[in-house]
Amino acid sequence: MVLDKFISKVFENKDNKFNKVCVDVDVINSIVFYSKKSFPNEFLAMFDGYVENMTLFITSLIFLPGERSHNSASFNDWLLPPDQKKLGSVHSHPGFNTAYPSNADLVTFSKYGSFHIILCEPYSLETMNAYDSNGDPITFEVGKFRKEEDDLMLEDLAEIQKELEEDNGFSEDLFTKLDKAFSDDDDFYDSLNDDSEKVNKYSDEFDEDI
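Reading the values: rules and limits
Residues numbered from 1 in each chain as written. Predicted model: local features only at pLDDT ≥ 70, side-chain atom pairs only at ≥ 80, totals over all residues. Heavy atoms only, no water. Phe/Tyr/Trp six-rings, centres within 6.5 Å; stacked < 30°, edge-to-face > 60°. Helix = DSSP H or I, 4+ residues; strand = E, 2+ residues; numbered from the N terminus. Buried < 20%, exposed > 50% of the residue type's maximum accessible area, 1.4 Å probe, protein only. Pairing = 2+ DSSP bridges. Polar contact = N/O pair within 3.5 Å; in protein donor to acceptor, adjacent residues only side chain to side chain. Contact = heavy atoms within 4.5 Å. Core = buried A, V, L, I, M, F, W, Y, C linked by side-chain atoms within 4.5 Å.

**Structural notes on the packing of aromatic side chains**
Logical step 1: The full count for this structure, using the stated rule, is 11 aromatic pairs.
Logical step 2: Here the aromatic rings of Phe57 and Phe145 are separated by 5.6 Å at their centres, their planes lie at 55°, and the arrangement is tilted. Taken together, the residues span a long stretch of sequence, with Phe57 in strand E3 (residues 55–62) and Phe145 in the loop between strand E10 (141–143) and helix H4 (148–151) at a distance of 88 residues. The same class applies to Phe57 as to Phe145, namely buried.

In structure tokens, the structure reads:
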């Protein structure tokens, strides 16, 4: 009973309480991808998801403009919608055996939710460490946790494209537009990470079709 109360206190996030964390496998894959893409600079994002039955489900990442370097990262949190819950954050540490929080990381942990991940090279699930808002190590489960309505978004987009083509003679592929939008986001992110003196040793792993 005492242990349960302690766990609830540690994992409390405003009106949400949880004693277990589940991270969607697609989120894990995205974390690995963007950590490698950001090298030699740090990658930083916030977590999005929901709490249900005393379990925190992390189902996506939130990207905010900010500053990135090889030894620090920050974001403009004032760009978050006022109703957006701060569930946690994830960032990379370029280097090996460095997935441990610095003093600056502990400040971030205390401000931005109750679940945080740091990963180091070679950037994989095995090199991720998770922490609570106090910087104490915690565990998490990986699996398929996205809600069905989230997965239906692509089907909705396909239906919209079909209606546009049938009703308005719309010829340009909607997904081409989406691909361009995501590419523009990548260009913006890459511009923040520009460092002409360093080379991204993971660049040959990138699949441009992702």
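**What to know about the pairing of strand E6 (residues 88–96)**
Logical step 1: Counting buried positions along E6 yields seven of nine residues, so the element is predominantly enclosed.
Logical step 2: Pairing of strand E2 (residues 44–52) with E6, which is carried by three bridges, proceeds in the antiparallel orientation. Counted as the bridge partner of Leu44 is His91 from E6.
Logical step 3: Relative to strand E7 (residues 115–121), E6 runs parallel, the two sharing seven bridges. Paired with Ser92 across the strands is Leu119, a residue of E7.

**A few points about unusual backbone geometry**
Logical step 1: A cis amide bond links Phe39 to the next residue, Pro40, at an omega of 15°.
Logical step 2: Mapping Pro40 onto the fold places it in the loop between helix H2 (25–38) and E2.
Logical step 3: Along the chain, Glu121 connects to Pro122 via a cis peptide bond; the corresponding omega equals 5°.
Logical step 4: Here Pro122 is to be found in the loop between E7 and strand E8 (128–131).
Logical step 5: Here Asn53, not a glycine, exhibits a phi torsion of approximately 55°, which is positive.
Logical step 6: The exposure class of Asn53 is exposed, given its relative accessible area of 69%.

**Describing the side chain of Thr127**
Logical step 1: Tracing the backbone shows Thr127 in the loop between E7 and E8.
Logical step 2: Side-chain polar atoms of Thr127 contact the backbone oxygen of Cys120, separated by 2.8 Å.
Logical step 3: Looking at Thr127, its side chain comes within polar contact range of the main-chain nitrogen of Ser124, at 3.0 Å.
Logical step 4: Beyond its immediate sequence surroundings of up to four residues, Thr127 is in contact with Ala99, Ile118, Leu119, Cys120, Glu121 and Pro122.

**Quick notes on the nonpolar core**
Logical step 1: Ile31, Phe47, Ile58, Leu61, Val90 and Phe115 are the most contacted members of the largest nonpolar core, which has 27 residues in total.
Logical step 2: Sorting the residues of this core by element identifies strand E1 (20–24), H2, E2, E3, E7 and E8 as the ones contributing at least two each.
Logical step 3: Tallying contributions element by element places H2 first for this core, with six residues.

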